[in-house]
Amino acid sequence: MKIIGELLLFVIVSFLLNSGYGIEISKYRVPEKQPYRTSYHFQPQQNWMNGPMYYKGVYHLFYQHNPEAATFGDKIVWGHSVSYDLINWIHLNNAIDPSEPYDINSCWSGSATIIPGKEQPVILYTGIDDKRHQVQNIAMPKNLSDPFLREWVKHSQNPVMTPPSGVEVDNFRDPSTAWQGKDGKWRVVIGAQNGDEGKAILYQSEDFVNWTVDPNPFYASDNTGVCECPDFFPVFINGSTNGVDTSVQNPSVRHVLKISYLRKQHDYYFLGTSSDLRYDYGKFYASKSFFDHAKNRRMLWGWVNESDSTQDDIEKGWAGLQSIPRQVWLDKSGKRLVQWPTEEVEKLRDKQISITGEKLVHGSNLEVSGITASQADVEVLFELSELENAEFLDLNGVDPQLLCSQEYASSRGIIGPFGLLALASKDLKEHTAIFFRIYRAAPNRYACLMCSDQSRSSLRHDLDKTTYGTIFDIDPYLKKISLRSLIDHSIIESFGDEGRVCITSRVYPSLAIDKDAHLYVFNNGSQSVVISKLNAWNMKEAEIGHEGNISYT
């Protein structure tokens, strides 16, 4: 691996896994001058999202990786890491490298599918061929008895799909996880583009090798660029948090179609006729879900890129990371998905601080002291009263992101702004504000604006400090609203209203670093709010390292 910038340090640690294998890994260490390197998020040197899966007791994460530098390159490979708990990871050798005419110029994104009966995983991936056309290929494990599936073999009939008529040859990529219809045929959708029209193209196959294109697009959009990384999966409609296998089709489920729009760099999902829903209203792209058979849940990952410059990436020697895996299900209302951090992340919780019954009057800034605020998990439940006092807002034509950029956390409203000041310096010259503000939209209709304001996140000027936000209806009889934030040095993942709304931010403070970072709860609304309960934890560092040698113990 070529590392640009300071040298990386490696130490050997012993790591005993529950499988009965004693595995020695070289744990990845970064130089001391790396204040933005995360501690419990999955983070190779460079990555884009590919196909996660669960197979025979092991979670696998495949990701696009440039082994030569911390920028996108001409020889992208499929990195491969494994885990028993979705939090602690072992980096293995690459799963797929460019080697054949159909992928000689890079192995781009794709998905993993497990064939029932045979219980055989199959990878569908996009290869950049010797003509620089994008084609779809298959790879299978060399040895199914290897629990880590270290080696993969490319199929002799590759490529199995080439750009069809009406699709640009250099914009045909990212096959989804396949699903099997009631007729026994496999189906997969692939992202594509033709001029200004983005498309998701449907293919069918009886044997997973010979594929036929459907002449009608599965989905089409205008002026969005390529419909990248399409995902299609079922969710229960009865409010259950359980997940559903990708091939399930019956009246108890509804299907979700997710598209990553290249030009917008956002992920949108569709439930029936809805067209403006997003997984995350901040930095969260090229996401991928999979069904976890072991715990009967649908899990979701997203790629979170940087907000500093390419030159910063080169000097750091790395760029990009994955969100914490999220469990996802359909809200009881049937109108949106709910996301919540995987329960395994709670294993990293260490020292805990609790606050209950604290009243926050206008102008309050209450410090949550006693934890390492640069590496924390905080959950707070705010108690509200007298929603009828909220200021009026006409929701027609409202741009929530613009509204968030105008309604700073320091501005005065009636019910809000109130929330958290994360990665804050002691003097508050630096802070990222994650906050709510309540509005009255009509008689007996109320809306909540949720914002993540990065405008004061750093004294540095060479950063993207875009403020993110969204607005959503709330129950007019609502008395409490929750906020959870996972804080990890340069990333803040926030989950509002029990996970119905999510915003992820990347920030790069110059003062609020490591032990100099602080965490505050605040209220700048004229109406008081009460901290019904707050729990905050130090988060331990996840074990993320490179496989050394394996021996039976």
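Residues numbered from 1 in each chain as written. Predicted model: local features only at pLDDT ≥ 70, side-chain atom pairs only at ≥ 80, totals over all residues. Heavy atoms only, no water.

A few words on the overall build of the protein. Across its full length, the protein holds two helices and 40 strands. Computed over its C-alpha atoms, the radius of gyration of the protein comes to 23 Å, within 12% of the 24 Å expected for a compact globule of 553 residues. Within the protein, contacts between residues at least 6 apart in sequence are counted, and of these 64% link residues at least 24 apart. Here the protein displays about 21500 Å² of accessible surface, and carbon together with sulfur accounts for 47% of that area. The averaged location of the 68 negative side-chain charges in the protein is 3 Å from the averaged location of its 54 positive side-chain charges. (Helix = DSSP H or I, 4+ residues; strand = E, 2+ residues; numbered from the N terminus. Rg over C-alpha atoms; globule rule 2.2 N^0.38 Å. Contact = heavy atoms within 4.5 Å. Areas by Shrake-Rupley, 256 points an atom, 1.4 Å probe, with all protein chains shown as cover. Lys, Arg positive; Asp, Glu negative; His and termini not counted. Charge placed at Lys NZ, Arg CZ, Asp CG, Glu CD.)

Moving on, we come to the sheet that holds strand β19 (residues 253–261). One key point about sheets: their strands pair by backbone hydrogen bonds, in either a parallel or an antiparallel sense. Within the open sheet, the four strands sit side by side as β18-β19-β20-β21. Their pairing is antiparallel. Strands at the two margins of the open sheet, each flanked by one partner only, are β18 (227–236) and β21 (277–278). Judged from the five bridges that link them, β19 and strand β20 (residues 266–270) form a sheet pairing that is antiparallel. Paired with Ile259 across the strands is Tyr268, a residue of β20. (Pairing = 2+ DSSP bridges.)

Attention now goes to the side chain of Arg336. By the element assignment, Arg336 lies in the loop between β25 (326–330) and β26 (337–341). It is Asp331 that comes nearest to the buried, bridge-free Arg336 among opposite-charge side chains, at 5.9 Å. Side-chain polar atoms of Arg336 contact the backbone oxygen of Arg500, separated by 3.2 Å. Residue contacts for Arg336: discarding those within four places in its chain leaves Tyr269, Leu271, Trp329, Leu330, Asp331, Phe472, Arg500 and Val501. (Buried < 20%, exposed > 50% of the residue type's maximum accessible area, 1.4 Å probe, protein only. Salt bridge = Lys/Arg side-chain N within 4 Å of Asp/Glu carboxyl O. Polar contact = N/O pair within 3.5 Å; in protein donor to acceptor, adjacent residues only side chain to side chain.)

Cis geometry marks the peptide bond from Asn158 to Pro159, where omega comes out at -5°. By the element assignment, Pro159 lies in the loop between β11 (152–154) and β12 (172–173). Note that the residue after Gly416, namely Pro417, is joined by a cis bond; omega there is 10°. As for its placement among the helices and strands, Pro417 is situated in the loop between α2 (400–406) and β31 (418–424). One non-glycine residue, Leu149, adopts positive backbone phi at about 50°. Assignment of secondary structure puts Leu149 in the loop between β10 (134–141) and β11. Given the relative accessible area of 0%, Leu149 is considered buried. A positive phi angle, close to 60°, is found at Glu498, a residue other than glycine. Summarising the element assignment, Glu498 is placed in the loop between β36 (491–496) and β37 (501–506).

What follows deals with the state of the cysteines. For the structure shown, the criterion picks out one disulfide. Cys227 takes part in no disulfide bond, and the closest cysteine sulfur to it belongs to Cys229, at a distance of 11 Å. (Disulfide = S-S within 2.5 Å.)

Before going further, it helps to spend a moment on the sheet that holds β10. Pairing is antiparallel across the open sheet formed by four strands, whose spatial order is β8-β9-β10-β11. For this open sheet the edge positions go to β8 (107–115) and β11, each flanked by a neighbour on one side alone. Put simply, the sheet's adjacent strands are angled 30° from each other on average, direction ignored. Two elements, strand β9 (residues 120–128) and β10, share six bridges in a ladder whose sense is antiparallel. Across the sheet, the residue bridging to Ile123 is Ala139, located in β10. (Axes fitted to C-alpha atoms, helices over the stretch in contact; angles between N-to-C directions.)

This prediction gives the protein a mean pLDDT of 89; 91% of its residues lie at or above 70. The low-confidence segment residues 1–31, where pLDDT is below 50, has 90 contacts with residues more than four positions distant or belonging to other chains. Confidence drops under a pLDDT of 50 for residues 549–553, and excluding neighbours within four residues, the segment shows 15 contacts in the predicted structure. (pLDDT = per-residue confidence, 0-100.)

On to the packing of aromatic side chains. Within the structure shown, the criterion is met by 25 aromatic pairs. Centre to centre, the rings of Phe62 and Trp152 are 5.6 Å apart; their planes meet at 85°, and the pair counts as edge-to-face. In this pair, Phe62 sits in strand β5 (residues 58–65) while Trp152 sits in strand β11, placing the two residues 90 residues apart along the sequence. Judged by relative accessible area, Phe62 falls into the buried class, the value being 0%. Since its relative accessible area comes to 11%, Trp152 is described here as buried. (Phe/Tyr/Trp six-rings, centres within 6.5 Å; stacked < 30°, edge-to-face > 60°.)

Applying the stated criterion to the full structure yields 31 salt bridges. Salt-bridge contacts for Lys316 lead to Asp313; the nearest nitrogen and oxygen are separated by 3.4 Å. Of this pair, Lys316 and Asp313 both sit in helix α1 (residues 310–316), three residues apart, roughly one helical turn. By the burial criterion, Lys316 is buried, and Asp313 matches it. For Arg445, the salt bridge is made with Asp473, and the minimal N-O distance between the two is 3.2 Å. Placement of Arg445 in strand β33 (residues 445–453) and of Asp473 in strand β34 (residues 468–474) is noted, with a sequence separation of 28 residues between them. When its relative accessible area of 45% is taken as the criterion, Asp473 is described as partly exposed. Overlapping salt bridges, with partners in common, bring together Asp292, Lys295, Arg297, Glu343 and Glu344 in one network.

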